[in-house]
Each structure stands twice: as C-alpha cells, then as structure tokens.
Amino acid sequence: MRTGGTAKLGPEERRTALDALGRDELQVLVVGGGVVGSGVALDAVTRGLSTGLVEARDFGSGTSSRSSKLIHGGLRYLEQLDFGLVREALTERALLLQRIAPHLIKPVSFLFPFTHHGWERAYVGAGVGMYDLLGISRGQVRGLPLHKQLTRSRALRLAPALRKSALTGGLLYWDAQVDDARYVIDLVRTAASYGALAASRTQVTGFLREGERVTGVRAVDLETGTELHIRAQQVVNATGVWTDEIQAMAGGRGSINVRASKGVHLVVPRDRIQSHTGIILRTPLSVLFVIPWGRHWIIGTTDTDWALSKAHPAASRADIDYVLGQVNRVLAVQLTHDDVEGVYAGLRPLLAGESDSTSKLSREHTVAHPVPGLVMIAGGKYTTYRLMARDAVDAVAHGLDGKIPPSCTDQIPLVGADGFQALWNARSALAKSSGQHVARIGTRIGELLDLVKADPSLGKPLAAADDYLRVEVVYAVTHEGARHLNDVLARRTHISIETWDRGVQAAEEVAELMTGPMKWRQRQVAREIENYRAEVAAERKSQEADTDTDADAIRLGAPEIVPVLAGNGLTGSGPHGSGPHGSGPHGSGPHGSGPHGNGVHG
Ligand SMILES: Cc1cc2nc3c(=O)[nH]c(=O)nc-3n(C[C@H](O)[C@H](O)[C@H](O)COP(=O)(O)OP(=O)(O)OC[C@H]3O[C@@H](n4cnc5c(N)ncnc54)[C@H](O)[C@@H]3O)c2cc1C
C-alpha cells in the first residue's frame, strides 16, 4: 500500500510540494531528477524518511532520456573481464523486467553477425554463454530466452537487410529495453505516491551551511523566480554530468570528478532496415546497436569527449556520418542522411579515470560524503540506478540519527506495474470495449479513458502524430509533470524524434491541449510554439556543422523557454557555459506496439 502522497504530478501538486519544501525541514533532499536522483528519492522515502526531490529542468531531461534505452549487463564489459559488474547489472535486469517495471521494460533480441570463420563463433559464443549464465545466477529467473548460434542463411532470414557478404554466420541473444524518459517519470510518480515532495524546474543555486555542515540548499522556482530555502538533514547530489558544479558550490571539497562523453543516436523508419531482430555490430572502439523502437529503429552510438554545453549536447554532421558509416558496413541498401527522422545526443557521466579513452572508463559508481550533510553519487549506468540509489541512501543513513531500515526498493513495483499482467491479458477485451486499437492498451488506459469519457474529442489521435492520442497530452500535464511543450513532444511522447518534421506540425495542437490544464494565456501558447520551432531549427542546423564547437555554438542560439540562472557555479565547462537549462527536442521511447507498453500504447 502506498502512503502519504499522490502519484499525480500536476501543476497543483507541484505548487503544494514547493510550499512544503520551503516550509518543513526534510531528512533527505535529492538534487537532480534523472534516473539516479529519482531512484534515490524512492529509496529514501520507502525507508520512511521525509524526502524532497528538485530538478532544474524537466524530470529525465538530462542524460536519462538520451540513452540507448537498454537494460543490459554490457556484453563488452565481459571482454574487460569485469564479471562482477556484468552479473550485478543482469541481476537488476531480471528484477526490473519481472517485478519492478514489467510494464516498461521489454525483452529485445540482438543478432551479432560474425565476420570471420571458426574462432569468432567460439569466442563470442563463449562470451554470450557466460552472459546468459551470469544472468541466471543468484537464484534469479532471468525471464529471457538463451542465446542461439545461427548459420549464415538463418541469420539472413532473420535480418534480410544484411549484405550477404557482410557475415559468415551469427548469434542471437536477448537483453531488455526501456522507454528511459518514461521510466524516470514513473519513478518520480512512485516516490511521490509514498510521500516524496517532487518539483521540476527548481534549480539549486547554493548550499545552506552551519559552519562546515550542509543544512539544506538555496533554490529558485524557475517558473516564477521565487527563491526558496530548503532545509534538510542530508542533501544528496545526483546531478550526473553536473556533479562537479554542485561540488564546487560546496566549496570544491569532494572526491568525485565526472567527465562527459557524448553519445549520438539516429532514428530511422522501421521499413528502412528489414529485420526481425535488433543488431549489434563491433566498431573499432566499441559497439553499435540497431535497436527496434515501435515503428522505428534507433541506431547508435558514438563515444567522444565533450566539454561544451551540458544542457544541449549537439550532434554534428561528423557524428551522424560516423553512425551511418558504421551501420552501412553491413547493410545491403545503404542509409543516407535523407533516411534520418530524428537525432538525439546524450552525455555519459563517467567517473574521471586514468584511461585516455572514454570507452574504457568504468561505468561503476562512487558515493562520497565530502562534508557533513552532503552525499555525492555519480557514475554507474541506467541499468544499475537502483543499486546506486541504495548505496547513496546507505551513506545518508550514516549521517542521520537513529536506525534507518535497509533499502526495500527491490520489493517496490513502480506505478503502473501493479496489475499489469492481468491488464495485459485482458487487452483484447479492453480494446473492444473502449473502441481503441489493441496496440494502444497500456497501464494508463483506465485513467485515460476516464478523461475521454468527459471529453470524447480527446480519444482521437493527434493530427500530425497519430501514434499518440490527444488525451495523452492532457494526462502528461495533469499526472506526469509536463510543464512545457518540449516536455510533451520530447519525453512524455517521442514525437520530436519519431516524425520527419520533429514535432513542428504537432506543436500547435499539443500546445492547445496543454493550455487548459496549464492555465496558459494566449501569449504563453504562442511563446511555447515559437520556442519549440526555434529549438528544432537550431538542432537541424547544428547537425550540418562539421565540428562539435560549431554545432554547439549553433544549438545554443535557440532561446530557453525557462531562463536558467547564470553565475551560480552551474555554467558548465565549455566556452559557452551550460546551466542545466531546457532540453533540446530530444526524446525516447518504445511506445509502439510491443507487449510491454505503458500508456494507451501497447
Ligand atoms: C549515449 C548514451 C547511451 C547510454 N545507454 C545506456 C544504456 O543503454 N543502458 C544503460 O544502462 N545506461 C546507458 N547510459 C548511461 C545512463 O543513461 C546514465 O548513466 C544515466 O542516465 C545517468 O543518470 P543520472 O540521473 O546520473 O543523470 P541525469 O539524467 O543527467 O540527471 C541529472 C539531473 O540533474 C539535474 N541538475 C543539474 N544541476 C542541477 C541543479 N543545480 N539543481 C537541480 N537539478 C540539477 C539535471 O537537469 C539532470 O536532469 C547511456 C548514456 C549515454 C549518454
């Protein structure tokens, strides 16, 4: 049973949370609403601690909506003989897939094409065999099929898009995938349902101190400019690639240094690559994934050092050329720039290590307690966010009086997971009674249909993005914390990367649907649309630039919808500065028609 809160993240709930954050002393305040910070908030609140969570932009708008969206052990860590890391991540994969978020995480298969005869089959086969084995250790049922060796003709039958001469045979293995942006929202909603106070667009600008001790933060509600003092016995810094900036606010004392590595993904329509499975390819430095994504493929990624804008990592033409070049090595029909519907770039928060090559740095995480009252958590990867959160709250517990119970998040299904299997089993009947296509039946269906009952026009698809229903936009505002057009187009839906015009045509209808629940005036509606169009134009232009520096300069030309405060230690590391301000129209999500959808989408 959930206690003390509501799983709604509407404008009213945000106001109530901000009032309480400015009033009551908390036991734990988490800074950063990515997957790690949201996970920390859930871990803390479910141990019975009074908990707050503040995010400078939209929940999940940092790295946590720009990943490859895989819940995996990381096959390539096996090559580095990092068995512990792989086993840990695979144990998490099973837990997330089966108990914590079966509605959001779904199995995905990958074909590994062999390019050599003999030794490669044995070498990769042994590695993937080990991967399978690590996945079933510790009594966890893995919930995924075991790998299969394939002859060349079987591999080609599975992936007819591959050039015959590009492979000698292959291997098929299974992992899992997630709509990363939506996962963060469901995490925050779950934390809120247990009583955590969560507010987006609330930027931490400094610490409250008593002597050396951190006793809370100074923050600003960026929507109104109101300053807040949030008092907390322990503050957790979970700001990913912004970790060092927050550390600097604490007087520069700290032991964690995070460096950013840029990863770019392309989105192409499903019909451009004929394949019944995802594909994984070796690249000179790492691997490249071709990942099924509803009616699309996501292809990526790159791995290059990035010291420019952290808020808007820009993909350059060189990044796009690289990804196309790598995938075209094996495709019979070459992809070109004209096939690219969407592009998104994210920054890996890597613990700064000794290696010069970012792809060799560890994804493992670190927790530090640099001054009393402040805990820092950084590194890791999406798949292991829950373990990072557990370790951060264990560190918090050391700084709190009294006995704090151990983490129980391995027992806590996210909002939407409860009853998912029964709902899934009843999907055909639900589709029939609701008049919606079966592919649109997901865990939010009951609440969405209630809204449609009150206003039947909401049951129609968006005119310029018919994968989504109009009601999803309203629900995004009333229940899922969306506050701006970009939040809906890029993260509650993924229209910004799934349509050729990157959501420009849908912008007007979406903004109009948001107007009522957001209580916008006409001027604000126009500003939202104008701003979104300017962001898309800047992104498109930046993707024609040859270098990172040029792409970054062009991308930063688009104005922010919500201005972020400068001069607060958050101005980033590049020549252009980079507060954690509004995210570009990037997005993510297998809303499509897979069996584990979350919304009205299957
Ligand atoms: C290209 C790419 C592919 C990846 N693929 C995978 C994958 O397939 N599987 C996997 O397991 N992992 C993957 N990862 C890693 C994973 O995405 C990250 O490790 C994870 O998302 C990091 O989450 P986070 O919460 O630490 O950071 P973030 O999501 O960046 O969250 C930090 C938040 O802090 C906020 N913030 C910053 N400053 C302030 C402030 N002053 N006040 C308030 N808030 C602030 C920011 O706005 C931001 O939202 C990938 C990463 C990249 C870049």
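What counts and how
- Residues numbered from 1 in each chain as written.
- Predicted model: local features only at pLDDT ≥ 70, side-chain atom pairs only at ≥ 80, totals over all residues.
- Heavy atoms only, no water.
- Buried < 20%, exposed > 50% of the residue type's maximum accessible area, 1.4 Å probe, protein only.
- Helix = DSSP H or I, 4+ residues; strand = E, 2+ residues; numbered from the N terminus.
- Arc of directions from axis to C-beta.
- Contact = heavy atoms within 4.5 Å.
- Polar contact = N/O pair within 3.5 Å; in protein donor to acceptor, adjacent residues only side chain to side chain.
- Lys, Arg positive; Asp, Glu negative; His and termini not counted.
- Salt bridge = Lys/Arg side-chain N within 4 Å of Asp/Glu carboxyl O.
- Axes fitted to C-alpha atoms, helices over the stretch in contact; angles between N-to-C directions.
- Parallel < 35°, antiparallel > 145°, perpendicular 65-115°, else oblique.
- Phe/Tyr/Trp six-rings, centres within 6.5 Å; stacked < 30°, edge-to-face > 60°.
- Pairing = 2+ DSSP bridges.
- Right-handed = clockwise from strand over helix to strand, strands pointing away.
- Core = buried A, V, L, I, M, F, W, Y, C linked by side-chain atoms within 4.5 Å.

Quick look at the pairing of strand β16 (residues 342-351)
For step 1, the next point in the chain: Among the ten residues in β16, ten count as buried, and that is most of the element.
For step 2, the next point in the chain: Of the two faces of β16, the one carrying G342, Y344, G346, R348 and L350 and the one carrying V343, A345, L347, P349 and L351 are both buried.

Some remarks on helix α19 (residues 548-555)
For step 1, the next point in the chain: Every buried residue of α19 is listed here: A551, D552 and R555. Down the axis of α19, the sector holding all buried residues measures 100°, keeping them to one side.
For step 2, the next point in the chain: For α19, the elements touching its buried residues are α18 (522-542).

As for the environment of R231
For step 1, the next point in the chain: For R231, the location among the structural elements is in strand β10 (residues 226-237).
For step 2, the next point in the chain: Classification of R231 as partly exposed rests on a relative accessible area of 39%.
For step 3, the next point in the chain: Through-space distance from the C-alpha of R231 to that of R209 is 9.9 Å; in sequence the pair is 22 residues apart.
For step 4, the next point in the chain: Polar contacts involving the side chain of R231 include one to the main-chain carbonyl oxygen of R23, which spans 3.0 Å.

Examining the side chain of D186
For step 1, the next point in the chain: Inspection of the secondary structure puts D186 in helix α7 (residues 180-193).
For step 2, the next point in the chain: Although D186 is buried, it makes no salt bridge; R189 carries the closest opposite charge, 4.4 Å away.
For step 3, the next point in the chain: Side-chain polar atoms of D186 contact the side chain of H103, separated by 3.3 Å.
For step 4, the next point in the chain: In this structure, D186 is in contact with H103, L104, L414 and V415, ignoring residues within four places of it in sequence.

As for the packing of helix α13 (residues 445-454) against helix α14 (residues 470-478)
For step 1, the next point in the chain: It is the contact of α13 with α14, at a shortest axis distance of 10 Å, that shows an interaxial angle of 110°. Comparing the axis directions of α13 and α14 gives the class roughly perpendicular. Taking contact as the criterion, the partners of E447, L448, L451 and V452 in α13 are, on α14, V471, E472, V474 and Y475.

Examining the side chain of T46
For step 1, the next point in the chain: Following the sequence through the fold, T46 ends up in the loop between α2 (35-45) and β2 (51-54).
For step 2, the next point in the chain: For T46, a relative accessible area of 16% puts it in the buried group.
For step 3, the next point in the chain: At a separation of 2.6 Å, a polar atom in the side chain of T46 contacts the main-chain carbonyl oxygen of L42.
For step 4, the next point in the chain: In terms of polar contacts, T46 uses its side chain to reach the backbone carbonyl oxygen of D43, at 3.2 Å.

Looking at the environment of R502
For step 1, the next point in the chain: With respect to the helices, strands and loops of the structure, R502 is situated in the loop between α16 (495-498) and α17 (504-518).
For step 2, the next point in the chain: Here the alpha-carbon distance between R502 and A465, two residues 37 residues apart in the chain, equals 10.0 Å.
For step 3, the next point in the chain: When neighbours within four sequence positions are excluded, R502 is seen to be in contact with E341, G342, V343, I495, S496, Y532, V536, R540 and Q543.

Focus: the packing of aromatic side chains
For step 1, the next point in the chain: Here the structure, examined in full by the defined rule, presents eight aromatic pairs.
For step 2, the next point in the chain: Ring centres 6.1 Å apart and planes at 75° place the aromatic pair Y183 and Y382 in the edge-to-face group. Residue Y183 is found in helix α7, and its partner Y382 is found in the loop between β18 (374-379) and α10 (385-399); the two are separated by 199 residues along the sequence.
For step 3, the next point in the chain: An angle of 20° between the planes, with centres 6.2 Å apart, marks the rings of F420 and W424 as stacked.

Comments concerning the pairing of β2
For step 1, the next point in the chain: Side chains of β2 alternate between two faces, with T51 and L53 and G52 and V54 buried alike.
For step 2, the next point in the chain: Both strand β1 (residues 26-31) and β2 contribute to a ladder of four bridges, which runs parallel. Within the sheet, the bridge partner assigned to L29 lies in β2 and is G52.
For step 3, the next point in the chain: Taken together, β1, α2 and β2 constitute a β-α-β crossover, and its handedness is right-handed.
For step 4, the next point in the chain: One ladder, built from three bridges, connects β2 with strand β7 (residues 197-199); its direction is parallel. Considered in β7, the bridge of L53 is made with A198.

Thoughts on the nonpolar core
For soluble globular proteins, the rule of thumb is that nonpolar side chains tend to be buried together.
For step 1, the next point in the chain: Counting 51 residues, the largest nonpolar core has I105, Y183 and V236 as the members making the most contacts within it.
For step 2, the next point in the chain: Within the residue set of this core, elements represented by two or more residues are β1, α2, α4 (83-100), β6 (169-178), α7, β18 and α10.
For step 3, the next point in the chain: Tallying contributions element by element places α10 first for this core, with eight residues.
For step 4, the next point in the chain: Once residues lying within four places of it in the same chain are set aside, the contact partners of Y183 are V35, L96, I100, A101, L104, I105, V178, Y382, Y385 and L414.

Quick look at unusual backbone geometry
For step 1, the next point in the chain: The residue after G300, namely T301, is reached through a cis peptide bond having omega 25°.
For step 2, the next point in the chain: Considering the arrangement of structural elements, one finds T301 in the loop between β14 (296-300) and β15 (304-305).
For step 3, the next point in the chain: Positive phi is not limited to glycine here, since K69 has a value of about 65°.
For step 4, the next point in the chain: Examined against the element boundaries, K69 turns out to sit in the loop between β2 and β3 (70-71).
For step 5, the next point in the chain: Phi angles above zero are rare outside glycine, and R201 is one such case at about 50°.
For step 6, the next point in the chain: Its location among the elements puts R201 in the loop between β7 and β8 (202-210).

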